[in-house]
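# Understanding the architecture of this molecule
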Amino acid sequence: MAFPAMAFPAMAVIAQAVNGIMMGAVYALFAVGMVLVFGVMRVLNFAHGAVFMAGGYLCWFAMAHVSPIYPVALLFSTAGGAAIGLVLERLVFRRLRENLSMQIVASLGLILMAQNGVLLLFGADALQIEAPSLRRVLRLGELGFTVQHLVILAAVAVAVASLHVFLSRSRLGIAMRAASQDIQAARVVGIAPDRVFAITFALSGALAALGGALLGPLFLVFPGMGDLPLLKGLTAIVLGGMGSVWGAVLGGLAIGLLEAEATLFAPTDYRDLVVFAALIATLLLRPRGLFGTAIRGEP
Amino acid sequence: MRYAYLAVATALLAPAPGFSQAPKPVVLGIVTAQTGPLAAAGRFQMNGFAMALDALNRDGGIEIAGQRRPVALKVYDTHCSPAEGASAMERLASVDRAAMVLGELCSPAVAAETPVAQDNSVPFVITVPTAENLTLSGNPWVFRVNADNNQLNQALGRYVVEKGLAPLAFIAWNNDAGRGGVRSMEALLGASAKVAYTGYFNVGEVDFSAHVSNIRRAGARSVMLFMDEEPGALAIRQLRDAGLGVQLIGTLAMGSARFLARLDAKYLAGMMQYNAFPPSAPQPRIRAFDDQYRARFKEESHGFAAQSYDALMLAADALHRAGTTTDGEAVRKALAATSYDGVIGHIAFDAHGQAAPPVYVTQWCDDGTRKIIFPAELASACGGG
Amino acid sequence: MKAAATLLAVATAALLPVAFPGQPYMLQLATLTLCGIVPAIGLNLLFGYTGLVSLGHMGFAGVGGYAAALLMKQAGWPFLPALGSGALLAGAVGLLVGIPCLRLRSHFFIIVTLAVGLILSTLFTNLDWLTGGAEGLPGIPRPRPLAIGGVRIVLATPIGFYWVALAVTLGALLLQWAVVRSPFGSALAAIRQDETMAAARGVDVFAHKLAVFALSAGIAGAGGALQASFLRVAAPASFDLAASINLVAVVIIGGPGYLAGPVLGSIVFVALPEALRAAAQARLFVFGAVLVLLALFAPRGLLGLGTRLLRRHAAS
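Residues numbered from 1 in each chain as written. Chains lettered and ligands numbered in written order. Predicted model: local features only at pLDDT ≥ 70, side-chain atom pairs only at ≥ 80, totals over all residues.

## What about the overall build of chain A?
Along its length, chain A carries 12 helices and 2 strands. In sequence order, chain A lays out its α and β elements as α-α-α-α-α-β-β-α-α-α-α-α-α-α. In summary, chain A has a C-alpha radius of gyration of 19 Å against a globular reference of 19 Å for 299 residues, a match within 12%. Overall size of chain A, expressed as C-alpha extent along the three principal axes, is 60 × 50 × 35 Å. Expressed as a percentage of the 299 residues in chain A, the buried residues total 59%. (Helix = DSSP H or I, 4+ residues; strand = E, 2+ residues; numbered from the N terminus. Rg over C-alpha atoms; globule rule 2.2 N^0.38 Å. Buried ≥ 20, exposed ≤ 12 C-beta atoms within 10 Å, placed from the backbone.)

Right, dumping it as C-alpha cells:
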C-alpha cells in the first residue's frame, strides 16, 4: 500500500469535506427514517435499505416512463416509498412489534425478496438515470462537483426541516412523539396507536425512497444500492443515541465526513474499519451515543 | 435452468433417427452467478454458453462413439459463495451426472469447487476468474480457457514502462478480481515503474471522490482501473469531472460499446485497456461471433461470452475425441490434449491446464471507436478494436 | 425416554450414509448442515439462553477458520489440534471484544457486534499476506487418516469427513447441553429474564456475560475451522456480514433457547435453498418469502411452533 507522505493537503481536505457532507446528508436522511420507526415502534427495520433501493428504481422508472422532469420523479419515488412503508407496516412489522428476533428474520426475507425481485424485473445490469442537467459540473478553483451534489443537500435540508415542523407542530406529529415516550399517550391526543404506526412507517418509507431517488442520478441504480447506506445509517442512529431525529442527522453527517476525510490519511480499504472503530470508541466513552438519553423500558 | 429446458426442447424437436430410441442427451454442468453483485457478468457468461449450445444442437449435438447426441445444460447459481459452489459441483457431478462442468466467476468459489470436481473425476473448465493460483494447485481436473492476471497484465505492464506512464495509480475493487489484478501488476512492474497510490473500494460502492483527491495529491500520471464497467464508468466520470487529465488504463470490460454508452467519447478518448477479446477487431472469427451475438442479444459481444462460448465448443470437441461421456479420466485426457481454434484465438492447455489465448491492448479514439495497439502485428485502425 | 430418543437420533445420523450409500450429494448437504450447526450452537448459547444478539458472529467463526487453516496448511498441524487452537483463538478474540462491548445495553450492543463482524471481515479481505485476501485461502487439507491399533480410518473422504463433522457437532451439542444444565446455565437464564433481578440474587452479571460470549465465540470458531476444512478454502465470503445475519436467522428460525434449535435452523437454511434450485432465478426470492412467512407465523421459531402445537393437541 503505497501512500504519499506530503504536506497537509488543504485542498483535498476541503474537497473531501464537500463530498463527505453530501454523502453524510444521504446517510442522515436514511437514518432519520430508521430512527422514527425505532423511536415510535421499537422496530429495527433492516429492510430500510431495500426501500432506499426501491426509491432508486422508482425514480428510474418515473424518468423513463412517466415524466422526464426530475422533481416529478422525486415526488413519484417518495410517494411510492410511502406506499411501500404502509404495506410493510400493515402486513409484516405491525405483527412483529414486540419480537426483535423475528424483525431480523423478516427484514432478511424482505431484503432477499426485494433484491432478487428487481433482478427478475429489471435485469442484472445497473441502471443509469439519464439527467444530464443534474450531472453538470460546477467548478470552484480546483474543486469540482455536480449540480446533483447541491440538489441532494437542498432536498435533505428541506426534508429534515419539514419533518421537524411536522413533528413539533402537527397533531399527528405530536402523537408520534408522544408514542415514542409511551404508546398509550397517543390516545390522549385522540389518535389510535395503529394509525400512528402506519403514518410512521409511511413517513419512514418516503424518506428512504427519497434518499435512493436522490443518489440514483449521481451514481447507479442496482439491487445492492441500499446495503452500504443501511450499515452507515445504523451506525448513524447509534452514534446519535437511538432516539432523536437530530441525533440521527448529526450522526449521519459525522459519518459522511469521517469516512471521506479518513481516506486521505488511511488506506482506502480500511475506510469502513475506521468508521466502525470510531463507533465502538464513541460508545465506550458515551454508552448511549453522542446524544442519547435512557430508552423507555430500560433501567 | 431456462437453457436446460431449451436444450430438452431442441432434443425433442430433432428428427428421430430411424426407429431406434432417441439418443440420450449429453449433460454438461454450468456454475455461474445469476444473483448477487456479479449477476450482470454472469449474464454475459450465460449468453456465450447459450450460443454454443444452439450451435452444437443445430448440428444434432456431439458425435460420441459414432452416435450424435444432443447437449443439455444444467445451470446452477453459486453467487460467488464457496459453500454453494461446492454443493452445486457435487450435485452436477453425482446427481446430474454431468460429463464436464464449465464456468464460474469468482476465485473463492472455484477454490471450493475444484477439489469436489477432483473427488468425482469430473473435468472443470474455468471461463472467467483470473487468479493465477487457480490452475497452480496441482489438480489435473482443472482447466482454464481465459488468460490469468499475469497474462492479461503483461502486455499492458510493458506498455506502461515503455511509454513512461509511471508514476501509476490503482483504483480497484476490494474483491478477488481487483486485489488480484493489483497484486499481479505490482509484481510484474517490480522496480521498473513507481506506484504512487493504491485505492480499493467495496463492490457496490459508488463514490470515488476520495480516490480522486488522493490521485491528484500523489501526482500520478496514469490511473489503472481494476473493476467492471459499471463502477468503471462512475470512476472515470468522477476523475474527469474533477479535472484530472491522467492517462486512463482499464480492463477488458471497458473496451466496449456498452461502456461508451454509460459515458461518452470525450471521457474516453485516449484511454487504453487490456483486452482478451476486442469485439470490433477485423479478424474474421471475431467478426462472425460478434455479428451472431448482435443478432441474438441486440448488443455488442463481450469477452466473457466469447470465452464461455469457446469453452463449451472445445468441451464438445474433447468429448467427441474421448468417445465417452462417462469415463472421466478419458475425457480429462482428451481435454488436456486440446488444440482448438476458438473465437478468442488458439486454445491449448499447458501442464497446469492453463491456456494462453492472445491478449490485446486497445485504445479509445476521439470519435468513440477503438483500435488495437498491441500486439503490433494485429494493430488496427480506429473502428477495429 | 428422552435419552433413548436422543441415542436413536445420533445412531441414525451416524448410520445414514451407510444405510443410503451412493448419495454423495445428500452427504455433501448433510455435512454442510453440520458445519452450520456448530456456530449456530455458539450463538444459541449467547442469544437463545442469555438473550444477547450478536450480528457479527461469523467473524469469530472466521478467526477460527483462518487460524486452523493456516496451522494445517503452513505448519502441517493435524486437524483436531488445529480446530482446537482455532476455537481457542476465536474465544480469546471474543473475550477481548466482550470486555469493552458487553457494558453496552440492548440495541447499542447489537450494532456494536455488527461493527465487530464488519471489522473482522474487512481484515480477512485486506490482510493478503496472512489470509490470502479476497481470493481466499485455498488448498486447506482434510483430516489425516486415523490409526487405532491396526485399523486405519480414512477421514478425508466424503463419508469419513461426515463422521468427523458429526463428531464435532455432537461435541458442541453435548457442551451446550452441559452448559444449559449447569448452575452457570441457570445464572444465564436468570440474566436473560431480568438482569437487575439476577444481580440482586448475587449473580455477577458481567462476568457471566463475558464468559458465555467468549465460549460462544469459541464454539463459532470451531465451526469455522470445520467448514474451512470441509470446503478446503477459507474465504471472506464465508465469514462476512451476510453470513453473520444468516447465522442469526438460523438460530431464530430453529427456535432460540431450544437445544435442538440450531440443528433444525441449519437444516432449513441448507436444504431449502438447495431444494428451491428448481425455481431457478426466482430461488432466492422464494426463499425470502418463506423467511417472511416464518417470521409471521412461527414467532418462537419452528421448535416453538412445534411445542405450541403439541401442547394444543395434548390439551384437546
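## Some thoughts on the domain arrangement of chain B
Assigned domains within chain B: domain 1 (2–147 + 285–348) and domain 2 (150–275 + 360–378). The C-alpha centroid of domain 2 of chain B is placed 31 Å from the C-alpha centroid of domain 1 of chain B. (Domains from an automatic or database assignment.)

## Some points on the sheet that holds strand β1 (residues 26–32) of chain B
Residues and elements named next belong to chain B. Spatially, 5 strands are ordered β4-β1-β5-β6-β7 in an open sheet, and the strand pairing comes out parallel. In this open sheet, the two edge strands, each paired with only one partner strand, are β4 (71–77) and β7 (142–144). Neighbour-to-neighbour, the strand axes of the sheet open up by a mean angle of 25°, direction not taken into account. In this sheet, strand β5 (residues 101–103) lies alongside β1 in parallel orientation, the contact comprising 3 bridges. (Pairing = 2+ DSSP bridges. Axes fitted to C-alpha atoms, helices over the stretch in contact; angles between N-to-C directions.)

## Quick word on the environment of Ile126 of chain B
Residues and elements named next belong to chain B. Position of Ile126 among the secondary structure elements: in strand β6 (residues 124–126). Placed 25 residues apart in sequence, Ile126 and Val101 show a C-alpha to C-alpha distance of 8.5 Å. Residue contacts for Ile126: discarding those within four places in its chain leaves Glu104, Val110, Leu134, Val142, Phe143 and Arg144. (Contact = placed C-beta atoms within 7 Å.)

## Digging into the nonpolar core
In this structure, Ala28, Val32 and Val105 of chain A together with Ala315 of chain B are the most contacted members of the largest nonpolar core, which totals 352 residues. No other element matches the 17 residues that helix α1 (residues 10–41) of chain A contributes to this core. Split by domain, this core shows at least three residues from each of two domains, domain 1 (2–147 + 285–348) and domain 2 (150–275 + 360–378) of chain B. The contacts of Val105 of chain A, once residues within four sequence positions are left out, are Ala249, Ile252, Ile253, Leu291, Leu294 and Ala295 of chain C. (Core = buried A, V, L, I, M, F, W, Y, C linked by C-beta atoms within 7 Å.)

## Quick word on unusual backbone geometry
Glycine aside, negative phi is the norm for most residues, and most peptide bonds take the trans geometry. All names here are of chain B. In this structure, Pro167 follows Ala166 across a cis peptide bond, with omega equal to -5°. In this structure, the amide linkage connecting Phe374 to the following residue, Pro375, adopts the cis form with an omega of -5°. Positive phi, normally seen in glycine, also occurs at Ala65, with a value near 45°. Its location among the elements puts Ala65 in the loop between β2 (62–64) and β3 (67–69). Ala65 gets classed as exposed once you count the C-beta atoms within 10 Å, which come to 10. A positive phi angle, close to 60°, is found at Lys298, a residue other than glycine. For Lys298, the position within the fold is in the loop between α11 (284–297) and α12 (303–322). Using a count of 7 C-beta atoms within 10 Å as the deciding quantity, one classes Lys298 as exposed.

## Topic: the packing of helix α4 (residues 79–101) of chain C against helix α10 (residues 205–231) of chain C
Residues and elements named next belong to chain C. Close contact between α4 and α10 brings their axes to 7 Å; oriented N to C, the two are set at 145°. For the element pair α4 and α10, the recorded crossing hand is right-handed. Looking at the contact of α4 with α10, its residues break down into 20 nonpolar, 9 polar and no charged. (Left-handed = near helix turned anticlockwise from the far one by under 90°. Nonpolar A, V, L, I, M, F, W, Y, C, P; charged D, E, K, R; others polar.)

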